[in-house]
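Spelled out from the first residue to the last, the chains are:
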Amino acid sequence: MTLRHIRLHTVPASPWKNGAGTTRLLTEQPEWRLSVASITRPAPFSSFAGLFRQMGLLAGNGVRLLPVSGAPPLLLDQPGGVIRFSGDLPLTGVPLDGPVDVLNLMRPADRTGPNLTAITPENLPSGALLGFIAVEGHWDVMTGQQHYTLAAGDILLSKIPFELTILKAGQIAYAGN
């Protein structure tokens with residue numbers, strides 16, 4: 001198994017075409033994609049036809065997603081929160097009180113695949129994971145014989161599911177499982 005330990009601040013950012021944010025690609029697999037978007041001002045989201053999107057808050061005060069159709073908005077305003085929506089849905093993202101960083105997990109809508117799950121000391125992961133992303137606090141974890149101390153923005157990713165043992169839990173993290 002090849003497990004990658006990534007520090008988010010070392011991942012290069014690519015600007016959005018509309019200039020309202022950037023994306024840092026963490027991994028792109030045949031069946032799923034994980035990235036971090038930094039949103040600086042209100043802007044339309046790109047359409048990803050045929051994909052199912054899941055989003056979690058990493059930093060900032062949150063984001064409100066406004067469907068162009070006039071349907072009720074989707075609100076992501078707490079670290080550990082997750083919103084799920086169709087990649088076909090035309091949306092405008094509005095950061096709440098300043099810039100925001102969000103974790104994006106996308107996979108084909110017609111297939112099962114990884115899901116974004118919030119992890120807290122009361123809700124620790126069970127089963128194999130494809131990724132673990134520390135959001136708040138320090139997390140001491142083990143995979144096999146390897147020990148990691150993860151701070152906010154530290155990420156463990158693998159193409160093959162891995163078992164994770166939490167030795168000391170931080171406050172909030174996300175897992176892809």
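About the criteria used
- Residues numbered from 1 in each chain as written.
- Predicted model: local features only at pLDDT ≥ 70, side-chain atom pairs only at ≥ 80, totals over all residues.
- Heavy atoms only, no water.
- Helix = DSSP H or I, 4+ residues; strand = E, 2+ residues; numbered from the N terminus.
- Rg over C-alpha atoms; globule rule 2.2 N^0.38 Å.
- Contact = heavy atoms within 4.5 Å.
- Areas by Shrake-Rupley, 256 points an atom, 1.4 Å probe, with all protein chains shown as cover.
- Lys, Arg positive; Asp, Glu negative; His and termini not counted.
- Charge placed at Lys NZ, Arg CZ, Asp CG, Glu CD.
- Buried < 20%, exposed > 50% of the residue type's maximum accessible area, 1.4 Å probe, protein only.
- Pairing = 2+ DSSP bridges.
- Axes fitted to C-alpha atoms, helices over the stretch in contact; angles between N-to-C directions.
- pLDDT = per-residue confidence, 0-100.
- Salt bridge = Lys/Arg side-chain N within 4 Å of Asp/Glu carboxyl O.

Chemist: I tried to follow the overall build of the chain on my own but got confused; where do I start?
Modeler: Of regular secondary structure, the chain possesses zero helices and 18 strands. A globule of 177 residues ought to have a C-alpha radius of gyration of about 16 Å, and the chain, at 16 Å, matches this closely. A fraction of 66% describes how many contacts in the chain between residues 6 or more apart in sequence connect residues 24 or more apart. On the chain, roughly 8600 Å² of surface is accessible, and the fraction owed to carbon and sulfur atoms is 54%. Side-chain charges of the chain comprise 13 positive and 12 negative groups, with the mean position of each set lying 7 Å from the other.

Chemist: Help me understand the side chain of Asp154, please; the structure alone is not making it clear to me.
Modeler: When you line up the elements, Asp154 lands in strand 16 (residues 154-162). Owing to a relative accessible area of 4%, Asp154 belongs among the buried residues under this scheme. Not counting residues up to four positions away in its chain, the partners in contact with Asp154 are His5, Ile6, Arg7, Phe132, Ile133, Ala134 and Thr149.

Chemist: What am I meant to see in the sheet that holds strand 13 (residues 129-136) here?
Modeler: The strands making up a sheet associate through hydrogen bonds between their backbones, and the pairing can be parallel or antiparallel. With antiparallel pairing, five strands are arranged side by side in an open sheet as 1-16-13-18-12. With one partner strand each, in any of the chains shown, strand 1 (3-7) and strand 12 (116-119) form the two edges of the open sheet. Pairs of neighbouring strands in the sheet enclose a mean axial angle of 20°, with direction left out of account. Of the pairings in the sheet, the one linking strand 13 to strand 18 (residues 172-176) comprises five bridges and is antiparallel in character. Residue pairing for strand 18: Ile133 is matched across the bridge by Tyr174.

Chemist: What exactly am I supposed to notice about the sheet that holds strand 15 (residues 146-150) here?
Modeler: If you trace the three strands from one edge of the open sheet to the other, you get 15-14-17, paired in antiparallel fashion. Across the chains shown, the open sheet's two edge strands, defined by having one partner strand only, are strand 15 and strand 17 (165-168). With strand direction ignored, the average angle separating the axes of adjacent strands in the sheet is 30°. Bridging between strand 14 (residues 139-143) and strand 17 involves three bridges; their strand directions are antiparallel.

Chemist: Whenever I open this one, the confidence of the model for the chain confuses me. Can you help?
Modeler: Close inspection of predicted coordinates is inappropriate for parts of the model with low pLDDT. Scored by pLDDT, the chain has a mean of 94; 99% of the residues are at 70 or more. Summarising per-element confidence for the chain, the mean pLDDT is lowest in strand 5 (residues 43-44) (90) and highest in strand 8 (residues 74-76) (98).

Chemist: Sorry if this is basic, but what is going on with the pattern of salt bridges here?
Modeler: Once the charged atoms of two side chains with opposite charge are near each other, the side chains can pair. Overall, the coordinates contain four salt bridges when judged by the stated rule. Here Arg7 and Asp154 are joined by a salt bridge, their closest N and O atoms 2.8 Å apart. Of this pair, Arg7 sits in strand 1 while Asp154 sits in strand 16; the two residues are 147 residues apart in sequence, bridging distant segments of the chain. Residues Asp101 and Arg24 are paired through a salt bridge, measuring 3.6 Å at the closest nitrogen-oxygen approach. Of this pair, Asp101 sits in strand 11 (residues 100-108) while Arg24 sits in strand 3 (residues 21-28), placing them 77 residues apart in sequence. In this pair, the class of Asp101 matches that of Arg24, namely buried.

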